[in-house]
Amino acid sequence: MQAAALMVVLAVLSLAGSGSAQLRYGFYKGRCNSSDVEAVVQSIVKARFAREASIVAYLLRLQFHECAVNGCDGGLLIDGPGTEKTAGPNLSVKGYDLIAAIKSELEKRCPGVVSCSDIEILAARDAVALAGGPAYAVRNGRRDRRRSLASDVRLPGADYTAAQTAAYFSRLGMSPFETVALLGAHTVGATHCSAIKSSRLYRYGGKAGATDPSMDPAVAWVYKRYVCPNVSSSDGNAVFLDDQWSAVKVDNHYYKKLQLRRGVLQCDQNLYSDGSTRGIVDQLAGNKGMFLSAFGQVLVKLSEVNVLTGAQGEIRKVCNKFN
């Protein structure tokens, strides 16, 4: 059963968007004078990771919030009123400064050659490997879109049911297995108490004082007593999506938490509460190698959603504004 599921992940690589066919491995080889573009990106990400390991969570979230809206096109990086960056779900996205630093260095070496959208994908790939995740190859050749509108932003909710989550990701070309594997990105990073206080701790189902019965009562007690007390001042308190000791490691511990009813976000725990996805959680929880392989494959697939290539779009001079 596990081998069959893994074969599905490896085999199903139909990618959204005709531009993906023009992406290539080694796209920048010989295009940046004497510089190796991928090595430059890796060195800058490595230096940042050494002093701030949480950058892996920032970059994974940046890639998803980027690619899930109009494709992997750099639209999230644009500053200004009414841009994607200003949409509610994106207000807490981080990592923009690292993308800008990489772009600045590459512009010194080969102006107008490397797109911001390719930098996003390469940076996330390198951070994942540094955090103990899979080392996977990505194809490049994306170009940056001249569009960035907050009104385009439609991202899944933290309280989504498993069926809603699967339906959302199916629009990105993801199978249920790939969807659960991609949600494994929650093996790193954190959310805030405001994301779970009403939905899970104090007003489950809209009922005052009700706690989500799918949450381990002992964990709920700790959250309510120490992490997210029912006062407005706790809204911004951080809640690690995985156990704190594992919160900067790309591993399959996230799925083990779901098995123990200790998932933080309701959409995460719903993957185990629902019979249609529970078996997938069990597979990934029981086989770290399967998860790492599947995670790398699904990040590649996500990176090629609705890309621009060839003469489409532009190669920005700076990532936070159009040319």
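Refer to the structure above for everything that follows.
Residues numbered from 1 in each chain as written. Predicted model: local features only at pLDDT ≥ 70, side-chain atom pairs only at ≥ 80, totals over all residues. Heavy atoms only, no water.

A look at the overall build of the protein chain
For clarity, the cut-off: Only DSSP runs of H or I with at least four residues qualify as helices, and only runs of E with at least two residues qualify as strands; both kinds are numbered from the N terminus onward. For the radius of gyration, the atoms used are the C-alpha atoms, and the globule rule reads 2.2 Å times the number of residues raised to 0.38. Buried means the residue's accessible area, taken with a 1.4 Å probe over protein chains only, is under 20% of the maximum for its type, while exposed means over 50%, and partly exposed covers the values in between.
Helix and strand counts for the protein chain stand at 13 helices and 2 strands. Rg of the C-alpha trace for the protein chain: 20 Å, near the compact-globule value of 20 Å for 323 residues, within the 12% margin. Reported as C-alpha extents along the three principal axes, the dimensions of the protein chain are approximately 60 × 45 × 35 Å. Put simply, the protein chain has 323 residues, and 52% of those count as buried.

Things to note about the packing of aromatic side chains
Geometrically, a pair of aromatic rings is defined through the distance of the ring centres and the angle of the planes. As a reminder of what qualifies: Side-chain rings of Phe, Tyr and Trp, where Trp is taken by its six-membered ring, are said to pair if the distance between their centres is within 6.5 Å; with planes under 30 degrees apart they count as stacked, over 60 as edge-to-face, and otherwise as tilted. We call a charge positioned over a ring when the NZ of a Lys or the CZ of an Arg lies within 6 Å of the ring centre and within 35 degrees of the ring normal.
Taken as a whole and assessed by the stated rule, the structure comprises 7 aromatic pairs. Ring centres 5.3 Å apart and planes at 75° place the aromatic pair Tyr168 and Phe169 in the edge-to-face group. Centroid distance Tyr254 to Tyr255: 4.9 Å. Interplanar angle 75°. Geometry classified as edge-to-face. What makes Tyr254 buried here is its relative accessible area of 1%. Grouped by ring-pair contacts, the aromatic residues Tyr254, Tyr255, Phe291 and Phe295 constitute a single cluster. The side chain of Arg278 reaches across the aromatic face of Tyr272, ending 4.6 Å from its centre.

Some thoughts on the layout of surface pockets
For clarity, the threshold we go by: Points on a 1 Å grid, built from protein atoms alone, make a cavity when a 1.4 Å probe fits but cannot get out and make a pocket when they are open with protein on both sides within 12 Å along at least 5 of 7 lines; residues with an atom within 4 Å of a point are the lining residues. Grid points are joined across faces, edges and corners, and a volume is the space filled by probe spheres set on the points. Any residue outside Ala, Val, Leu, Ile, Met, Phe, Trp, Tyr, Cys, Pro, Asp, Glu, Lys and Arg is labelled polar, Gly included; the first ten of those are nonpolar and the last four are charged.
By volume, the largest pocket is sized at about 1,200 Å³. Around the largest pocket, the lining is made up of 37 residues, and of these Arg61, His65, His186, Ala190 and Leu241 lie nearest the centre. Secondary-structure elements contributing two or more residues to the lining of the largest pocket are helix 3 (55-67), helix 6 (162-170), strand 1 (190-192), strand 2 (238-240) and helix 13 (288-303). Split by residue class, the lining of the largest pocket holds 24 nonpolar, 11 polar and 2 charged. Roughly 240 Å³ of internal volume is contained in the second largest pocket.

Focus: the state of the cysteines
Here is the rule: Two cysteine sulfurs form a disulfide in these notes if their separation is within 2.5 Å.
Applying the stated criterion to the full structure yields 4 disulfides. One disulfide in the model links Cys32 with Cys110; its S-S distance is 2.0 Å. Here the disulfide of Cys32 and Cys110 is left-handed, its torsion about the S-S bond being about -80°. Note that Cys32 is positioned in the loop between helix 1 (2-11) and helix 2 (37-51) and Cys110 in the loop between helix 4 (96-109) and helix 5 (116-130), a separation of 78 residues in sequence. Since its relative accessible area comes to 0%, Cys32 is described here as buried.

Geometry only, nothing functional implied.
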